[in-house]
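Per-entry structural report
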Amino acid sequence: MFNHILAIAVLLILMSILTLFQCLRSVYYRRFGHSFLNLLLTAAFMGVGGGLLALTANLYTYKNLTSETVIGTLETEFVESQTYALKFIPANSVDPLTGKDATETDKHWVVYGDEWQIDARVIKWDPRLTAALGWTPLYRLERLSGRYRDVMDENSKTRSVYDLREVGGIEIAPLLVRFSKWLPWIDTQYGSATYVPMADKAVYELRMSYSGLLARPANDTAKEALGNWQ
């Protein structure tokens, strides 16, 4: 889907260059009425094209959602009571050039609580647009946080929240909310979250499906933690 929007943006910028050339040509021949009109068209094409480029850059911070997309694995390691070290390994952490693990893409956090929780934002397109252009829903991880099992602990103990959003272009989410009436090709956007218990050496596989985020146990420790979860 990004290629469609990018192509429109590039076309508009090329048109702005063409109208700018026509504007300069009109000034040269002293056709000031034509030059003013071409100047307006240049500004319009450049403004819309530049805006689409900025929005496309933000859309690239989202990922395409298939039937069930593997996002990566999350490992937890016990530090002390209600404190864990978490490591997130993205599913695409293999360098395509060398074939080696791109360990610099791994993310590490210290999380306080009994459970970890991860949140994501999902954008779904109108089904007719999906059928016509093959656009799939988009998702983006938003934040990771610790979660205490006891509400009293949640209100009194140390909290830990980490921003997972990638930065790029003009943030599209607020625009979708503000201009939803004029964007009929957007079916809906919503937040999805999942949380599971932390345990020493537990490994979970994080997936995104049409029903939302899923955390599946990837080793016996994680399975045992889920089995004893109250």
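My aim in this report is to walk through the structure given alongside it, one point at a time. (Residues numbered from 1 in each chain as written. Predicted model: local features only at pLDDT ≥ 70, side-chain atom pairs only at ≥ 80, totals over all residues. Heavy atoms only, no water.)

1. With respect to the packing of aromatic side chains
Considering all chains together, one arrives at four aromatic pairs under this definition. A ring pair is formed by Phe78 and Tyr84, whose centres lie 5.6 Å apart and whose planes are at 80°; its orientation type is edge-to-face. What makes Phe78 partly exposed here is its relative accessible area of 41%. The interplanar angle of 75° and the centroid separation of 5.8 Å between the aromatic rings of Trp116 and Tyr204 together place this pair among those described as edge-to-face. Residue Trp116 is located in strand 5 (residues 115–125), and its partner Tyr204 is located in strand 9 (residues 202–209); the two are separated by 88 residues in the primary sequence. The exposure class assigned to Trp116 is buried, which follows from its relative accessible area of 0%. Above the ring of Tyr195, the side-chain terminus of Arg147 is found at 3.7 Å from the ring centroid. (Phe/Tyr/Trp six-rings, centres within 6.5 Å; stacked < 30°, edge-to-face > 60°. Buried < 20%, exposed > 50% of the residue type's maximum accessible area, 1.4 Å probe, protein only. Helix = DSSP H or I, 4+ residues; strand = E, 2+ residues; numbered from the N terminus. Lys NZ or Arg CZ within 6 Å of the ring centre and 35° of its normal.)

2. So, the pattern of salt bridges
Opposite charge on two side chains permits pairing when their charged atoms draw close. Per the counting criterion, the structure on display carries 10 salt bridges. Close ionic contact of Asp163 with Arg165 constitutes a salt bridge, the shortest N to O distance being 2.8 Å. According to the relative accessible area criterion, Arg165 is partly exposed, its value standing at 43%. Between Arg207 and Glu205 there is a salt bridge whose closest N-O contact spans 2.6 Å. The exposure class assigned to Arg207 is buried, which follows from its relative accessible area of 19%. What you see here is one network of salt bridges that share partners, running through Glu115, Arg147 and Arg149. (Salt bridge = Lys/Arg side-chain N within 4 Å of Asp/Glu carboxyl O.)

3. A short note on the nonpolar core
If you look at the biggest cluster of nonpolar residues, it comprises 26 residues, and the most contacted ones within it are Ile71, Leu86, Trp116, Ile118, Leu141, Leu144 and Leu213. Contact partners of Trp116, with chain neighbours within four places excluded, come to Leu74, Thr76, Leu86, Leu144, Ser145, Thr194, Tyr195, Val196, Met198, Tyr204, Leu206 and Ala215. (Core = buried A, V, L, I, M, F, W, Y, C linked by side-chain atoms within 4.5 Å. Contact = heavy atoms within 4.5 Å.)

4. What about the sheet that holds strand 3 (residues 83–90)?
A sheet is described by the order of its strands in space; here five strands give the open sequence 4-3-2-9-10, paired in antiparallel fashion. If you trace the sheet from one side to the other, it starts and ends with strand 4 (107–112) and strand 10 (212–217), each paired once. Averaged over all neighbouring strand pairs, the angle between strand axes comes to 30°, with direction disregarded. Lying over the sheet, helix 6 (residues 220–227) contacts strand 9 and strand 10, oriented at roughly 80° with respect to strand 9. (Pairing = 2+ DSSP bridges. Axes fitted to C-alpha atoms, helices over the stretch in contact; angles between N-to-C directions.)

5. Topic: a nonpolar patch on the surface
On the surface, a nonpolar cluster with roughly 270 Å² of combined accessible area is contributed by Val10, Leu14 and Ile17. The residue Val10 is located in helix 1 (residues 2–28) in this model. (Patch = residues over 30% accessible without salt bridge, like charges linked within 9 Å, V, L, I, M, F, W, Y side chains within 5 Å. Areas by Shrake-Rupley, 256 points an atom, 1.4 Å probe, with all protein chains shown as cover.)

6. Overview of the side chain of Arg207
Note on placement: Arg207 falls in strand 9. A polar contact is formed between the side chain of Arg207 and the side chain of Glu205, at a distance of 2.6 Å. Among all residues touching Arg207, those that are not within four sequence positions of it are Glu68, Thr69, Val70, Ile71, Gly212, Leu213, Leu214 and Arg216. (Polar contact = N/O pair within 3.5 Å; in protein donor to acceptor, adjacent residues only side chain to side chain.)

7. Focus: unusual backbone geometry
Here the phi dihedral of Gln82 falls at roughly 55°; this positive angle occurs in a residue that is not glycine. For Gln82, the location among the structural elements is in the loop between strand 2 (68–80) and strand 3. At Lys201, a residue that is not glycine, the phi angle is positive and equals roughly 70°. Following the sequence through the fold, Lys201 ends up in the loop between strand 8 (186–197) and strand 9. With relative accessibility at 48%, the residue Lys201 sits in the partly exposed group.

Note that every value here comes from positions in space, so none of it alone points to a role or purpose.
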